[in-house]
Amino acid sequence: MTGPIIARTRAELLAAHGGSSVSFVPTMGALHDGHLQLLEHARPLGETLVASIFVNPTQFAPDEDFDAYPRTFDADLDVCARAGVDVVFAPSVPTMYPAGPGDSISVDPGPLGTVLEGSARPTHFRGVLTVVAKLFGLVRPDVAVFGEKDYQQLTLIRHLSRELALGVDIVGCPTVREPDGLAMSSRNRYLSEDDRKRAAYVSAALRAGVSAGPRGAESVLVAAAAVLETAGINPDYLVVTDPDLGPARPGAEARLLVAARVGTPRLLDNTSLTLGA
Ligand code: AMP
């Protein structure tokens, strides 16, 4: 098995993909089976598959875990090789932020960036959309694949590509879960043994919400909240929205989203569901 080419700059990227159509999976590394699924999904969508590994400083607030974020580059290269990645783009901070992480130009995520995750992390989506816009400018992909696990991020990136006319097709990929339902995440490794058991209740709450869907949004929230309470989990938010994160409508497709701190890590999860009329 020949490994992927490692590119650190736009010139190296260009030399590696040489004008072919490109499918792209941006990541912060510490790759797990969720990322692998994204890479496998992206593989047939372009002639060249590019994965980026960049822990983006601007999406972490000063009191968050940027320094402690897991960095496992050699293991990540093995995952990329297994998934048939052609090019791993691993830029330096100065390549991504020529004027430093306080660059004067950034992407305003608009009102959707201030709710849910954005209300707990007010600078987060500005950092995410800015780095994704830069990565799109450097990699010039035709298609980019993101996980539904970070549903608000996926929704905002769809808006970014459409509203800034970036011309990148955004594809969402279903959440990959542990056998007990916990959504895979690079931060799950920080769960203590006890908290790891409690963490399974987050996805169990979503399943209870889905079952209550035919009875309407209020019943969904009551059913999901009851499961969280069993495990002593107090969510930062638990909401039902429409698929674009606007107000939910009876008798239509909807999204149930939850965020909760379980021990140290903050866990995010969500699911689609259908609401009764
Ligand atoms: P990250 O490295 O955590 O920034 O995530 C990179 C990409 O992987 C994002 O599009 C995430 O939504 C996606 N991702 C992370 N965890 C999962 C998962 N469990 N299932 C599917 N996609 C995921």
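Scroll up to find the structure this text is about.
In this text, all values refer to a predicted model and were calculated from it rather than measured experimentally.

Caption draft 1: Representation of the packing of aromatic side chains. Inspection of every chain in the model, using the stated rule, returns 4 aromatic pairs. Through pairs of rings, three or more aromatic residues link up here, namely F24, F136 and F146. For R71, the ring lying beneath its charged end belongs to F66, and the centroid distance is 4.9 Å.

Caption draft 2: Quick look at the site of the ligand. Looking at the ligand, there are 17 residues lining it, with M28, G147, D150, V176 and M184 nearest. Within the backbone of M28, a nitrogen or oxygen atom sits 2.9 Å from an oxygen atom of the ligand. In this structure, G147 approaches the ligand through a main-chain N or O atom, which is 2.9 Å from an oxygen atom. Relative to its unbound accessible surface of 490 Å², the ligand loses 92% to contact with the protein. At the level of elements, β2 (22-27), α2 (33-42) and β5 (143-147) are the ones that each hand at least two residues to the shell around the ligand. If you tally residues by element for the shell around the ligand, the top one is α2, at 3 residues. In terms of residue class, the shell around the ligand is made up of 8 nonpolar, 7 polar and 2 charged.

Caption draft 3: Seen up close, the packing of helix α1 (residues 10-17) against helix α6 (residues 124-139). For the pair α1 and α6, the least separation of the axes is 9 Å and the interaxial angle reads 50°. In terms of axis orientation, α1 runs oblique to α6. Of the residues in α6, those in contact with R10, L13 and H17 of α1 are G137, L138 and V139. A breakdown of the residues in the contact of α1 with α6 according to their chemical character gives 3 nonpolar, 2 polar and 1 charged.

Caption draft 4: A look at the nonpolar core. Ranked by internal contacts, the top residues of the largest apolar core, which has 36 residues, are F89 and F136. Mapped by element, the contributors of at least two residues to this core are β2, β4 (87-89), α6, β5, α7 (151-163) and β8 (253-261). No other element matches α6, which puts 9 residues into this core. The two domains that each donate at least three residues to this core are domain 1 (5-173) and domain 2 (186-271). Setting aside anything within four residues of it in sequence, one finds F89 in contact with A7, R8, T9, L13, V50, A51, S52, I53, M96, L135, L138 and V139. Listed in part, the 24 residues of the second largest apolar core include V202, A224, V240 and L273.

Reading the values: rules and limits
- Residues numbered from 1 in each chain as written.
- Predicted model: local features only at pLDDT ≥ 70, side-chain atom pairs only at ≥ 80, totals over all residues.
- Heavy atoms only, no water.
- Phe/Tyr/Trp six-rings, centres within 6.5 Å; stacked < 30°, edge-to-face > 60°.
- Lys NZ or Arg CZ within 6 Å of the ring centre and 35° of its normal.
- Near = heavy atom within 4 Å.
- Polar contact = N/O pair within 3.5 Å; in protein donor to acceptor, adjacent residues only side chain to side chain.
- Areas by Shrake-Rupley, 256 points an atom, 1.4 Å probe, with all protein chains shown as cover.
- Helix = DSSP H or I, 4+ residues; strand = E, 2+ residues; numbered from the N terminus.
- Nonpolar A, V, L, I, M, F, W, Y, C, P; charged D, E, K, R; others polar.
- Axes fitted to C-alpha atoms, helices over the stretch in contact; angles between N-to-C directions.
- Parallel < 35°, antiparallel > 145°, perpendicular 65-115°, else oblique.
- Contact = heavy atoms within 4.5 Å.
- Core = buried A, V, L, I, M, F, W, Y, C linked by side-chain atoms within 4.5 Å.
- Buried < 20%, exposed > 50% of the residue type's maximum accessible area, 1.4 Å probe, protein only.
- Domains from an automatic or database assignment.

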